[in-house]
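Fold and geometry: a report
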Amino acid sequence: EDQVTQSPEALRLQEGESSSLNCSYTVSGLRGLFWYRQDPGKGPEFLFTLYSAGEEKEKERLKATLTKKESFLHITAPKPEDSATYLCAVRSQGGSEKLVFGKGMKLTVNP
Amino acid sequence: DAGVTQSPTHLIKTRGQQVTLRCSPISGHKSVSWYQQVLGQGPQFIFQYYEKEERGRGNFPDRFSARQFPNYSSELNVNALLLGDSALYLCASSLGAGGGQPQHFGDGTRLSIL
């Protein structure tokens, strides 16, 4: 059974204090690892898709990396507007587009 | 361009009732998936439909059913509501079945069961 574990569950940072979020996964044939951002009362907003180990993607202050067992979301010099819950999800081989999500990581960036 | 739209945004029901949630995908997207998100948890997969055919089903009881229409919009039906069905129900759309295309989510329907 596909599983995703995110750590830490919550993280408080000062503005400008860089950090990394971890997503560990087990999947039978990875067909994509996805990062989403979710604000309170909203649906998840797509950030990145990673397909193979060694791949990296960047968007503004965020950088996502992938190994065979983990993905990291690096946040460089965060701002208060980066405060949100970050979700990691995997899609495995098969005919369905089913995503298996972790519990999420609540990030708070204080000014 | 409009994103994924869901209606209603909030709904209050009592135990034993039935509910229908609606979803309109992004224009051009043919695949729709439904997820349930309980407070403090990640979304959990319920169904995926592509070209009106069911392509995936999560571990939910038969009280949950869905369908997709020729215009690719979708409905999720839940019968005999239980207190534990209280959650945020999310709809996501993508271009098509298979591959690594990302799903794009609506803002969900908040369902409260009294």
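As shown above, the structure is provided for reference.
Reference entry: report on the structure contained in this document.

Parameters at a glance
- Residues numbered from 1 in each chain as written.
- Chains lettered and ligands numbered in written order.
- Predicted model: local features only at pLDDT ≥ 70, side-chain atom pairs only at ≥ 80, totals over all residues.
- Heavy atoms only, no water.
- Contact = heavy atoms within 4.5 Å.
- Buried area = accessible area lost by both parts, 1.4 Å probe.
- Salt bridge = Lys/Arg side-chain N within 4 Å of Asp/Glu carboxyl O.
- Polar contact = N/O pair within 3.5 Å; in protein donor to acceptor, adjacent residues only side chain to side chain.
- 1 Å grid on protein atoms, 1.4 Å probe; cavity = no way out; pocket = protein on both sides within 12 Å on 5 of 7 lines; lining within 4 Å.
- Points joined across faces, edges and corners; volume = space filled by probe spheres on them.
- Helix = DSSP H or I, 4+ residues; strand = E, 2+ residues; numbered from the N terminus.
- Buried < 20%, exposed > 50% of the residue type's maximum accessible area, 1.4 Å probe, protein only.

Observations concerning the interface of chain A and chain B
The partner chain B presents 26 residues to the 21 residues of chain A that form the contact. Buried surface at the junction of chain A and chain B, summed over both partners, amounts to about 1,700 Å²; 49% is from carbon and sulfur atoms. Across the contact surface, chain A and chain B share one salt bridge. Here chain A is connected to chain B by nine residue pairs in polar contact (both at pLDDT 80 or more).

Brief notes about the layout of surface pockets
Space inside the largest pocket adds up to approximately 550 Å³. Around the largest pocket, the lining is made up of 23 residues, and of these Q38(A), T85(A), Q37(B), L39(B) and G40(B) lie nearest the centre. Going through the elements one at a time, β9 (84–92) and β11 (105–110) of chain A are the ones with two or more residues in the lining of the largest pocket. Residue contributions to the lining of the largest pocket peak at four residues, all from β11(A).

Regarding the pattern of salt bridges
A full pass over the atoms with the stated rule returns ten salt bridges over all chains. A salt bridge links K63(A) to E56(A); the nearest nitrogen and oxygen atoms lie 3.3 Å apart. With relative accessibility at 27%, the residue K63(A) sits in the partly exposed group. Note on E56(A): relative accessible area 49%, which makes it partly exposed. Here E54(B) and R57(B) are joined by a salt bridge, their closest N and O atoms 3.3 Å apart. Three or more residues joined by partner-sharing salt bridges are found here, namely R22(B), R67(B) and E75(B).

Spatial relationships are all this shows, so hold off on functional conclusions.
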